[in-house]
Amino acid sequence: EQRERELEEGGAGMRESPGRKEQGEKREMITPALRDALTKQGYKLIGSHSGVKLCRWTKSMLRGRGGCYKHTFYGIESHRCMEATPSLACANKCVFCWRHHTNPVGTEWRWKMDQPEMILQEAIENHQNMIKQFKGVSGVLAARLEEALVVKHCALSLVGEPIMYPQINRFVRLLHQHSISSFLVTNAQFPEEIRALEPVTQLYVSVDASTRDSLRRIDRPLFKDFWQRFLDSLKALAEKRQRTVYRLTLVKAWNVEELRAYAELISLGKPDFIEVKAVNLKANCGSSPPPHVCLVFIPQQKQFLPRTHLLLFHPVLWLCCCSTKNIWCVFGVPITPYPLFSLQFKVGGEWHTWIDYERFQQLVQEHQRSGGSRSFSAADYTARTPAWALFGAKERGFDPLDVRHQRRSKARDLSGC
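Basis of the calculations
- Residues numbered from 1 in each chain as written.
- Predicted model: local features only at pLDDT ≥ 70, side-chain atom pairs only at ≥ 80, totals over all residues.
- Heavy atoms only, no water.
- Helix = DSSP H or I, 4+ residues; strand = E, 2+ residues; numbered from the N terminus.
- Contact = heavy atoms within 4.5 Å.
- Areas by Shrake-Rupley, 256 points an atom, 1.4 Å probe, with all protein chains shown as cover.
- Axes fitted to C-alpha atoms, helices over the stretch in contact; angles between N-to-C directions.
- Parallel < 35°, antiparallel > 145°, perpendicular 65-115°, else oblique.
- Left-handed = near helix turned anticlockwise from the far one by under 90°.
- Nonpolar A, V, L, I, M, F, W, Y, C, P; charged D, E, K, R; others polar.
- Expected span 1.5 Å × (residues − 1).
- Buried < 20%, exposed > 50% of the residue type's maximum accessible area, 1.4 Å probe, protein only.
- Arc of directions from axis to C-beta.

Examining the overall build of the protein
What the protein contains, in helices and strands, is 14 helices and 16 strands. Within the protein, contacts between residues at least 6 apart in sequence are counted, and of these 74% link residues at least 24 apart. Working note: accessible area of the protein is about 18,200 Å², and carbon and sulfur atoms make up 50% of it.

Right under this line is the structure:
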């Protein structure tokens, strides 16, 4: 009980003693109990509020056993991807959270704050040290091990809410200065921070429910005005010119049946892509659902979004991705086409959902040098999607350069983004 109370109090960030508050001191986000809990889960903690952890798909690709869904969908090199966060805190306590709610919670930043330069330097060093531990391990490919020491991608989706970190823009700029792409996930409770966010390679918003009641039950948000914040966050996403994604987490008997409401939310935020993942609450959080769950949801959704295309499918996670940029109507009612809506990811008859990462780095640096006046869009840094990654291909979304490994044990490593 003492340990649980310390975790909660340390995480809330809102229970400062009067004396400390008068002196202007701020407490550290990571309490001793929190540090102990997260360290046991494999996190490498950085400073007072950040962390990094080795994703299971990084380990898988080091062995030539295939990459994560972002390799299939968007062409990242999973063995060169660093999963990190500059903020362990979150404003939700989702029922399907695979972090077991050991991370802190809060609605605003009231903790000590570390500088982004230190966070990134130590994140890379910790990540490289974890990679080096695979030297000489049976099955690890020497060439990929060498490549993995140079971080090329950063998934800001480890735990917590990265966008809460007050210096998130500086942190993202540092990533890009190191030629590291940025995949940032937000839980749609900080609309102003989304609007103020500078260009990232791909911006995700978690859409865990489509009605006020189901969002309250599933995400268990701390904000009293959580629903308006949620809607405003989706509207803010629609204003972004770079790549955007809705991440739908389907929970059977909780939110799968709300198809019409989902369609309304999709028309509100106008994402480039929708990723659909199912969770079985009766099993371990994060475990793969029955294979039909996602595939059934998409055809049903097409009755409301008739021009949504099921593009990609990850064979291990049973996670689907579809493009929405050519949606013309919702419920049969025409909507005003938004910029670059017309099949922008289909060029010359071929899908271009993959990312030209070198081109993105060029564009984002030009944007920085111009003081933000030289903008760019998602269409400016697309790359052709290989045939094996498309839905319906005989490879079923698995890279033919790798060899799929079937687990003998039922025990699952739930780490990964």
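Describing the environment of Asp232
Positionally, Asp232 belongs in helix 11 (residues 226-238). In this structure, the C-alpha to C-alpha distance between Asp232 and Phe190, residues 42 residues apart in sequence, is 8.4 Å. Excluding residues within four positions of it along the chain, Asp232 makes contact with Pro191 and Arg195.

Thoughts on the packing of helix 8 (residues 168-177) against helix 14 (residues 357-369)
Two numbers describe how helix 8 lies on helix 14: the axes approach to 10 Å, and their chain directions differ by 130°. The angle between the axes of helix 8 and helix 14 places the two elements in the oblique class. At the point where helix 8 passes helix 14, the crossing takes the left-handed sense. Contact residues: helix 8 offers Arg173, His176 and Gln177, while helix 14 offers Phe360, Gln361, Val364, Gln365 and Gln368. In the contact of helix 8 with helix 14, the residues fall into two nonpolar, five polar and one charged.

Examining helix 14
In a regular helix each residue adds 1.5 Å, so 13 residues correspond to 18 Å; helix 14 covers 18 Å between its end C-alpha atoms and thus fits that length. Listing the buried residues of helix 14 in full gives Tyr357, Phe360, Gln361, Leu363, Val364 and His367. Buried positions in helix 14, seen along its axis, are confined to an arc of 165° and lie on one side of it. Along helix 14, exposed side chains directed more than 90 degrees from the buried face belong to Glu358 and Arg369. Where helix 14 is buried, its residues contact helix 5 (69-74), strand 4 (153-156), helix 8, strand 5 (181-186) and strand 15 (354-355). Two residues or fewer after helix 14 comes Gly371, characterised by a positive phi angle close to 70°.

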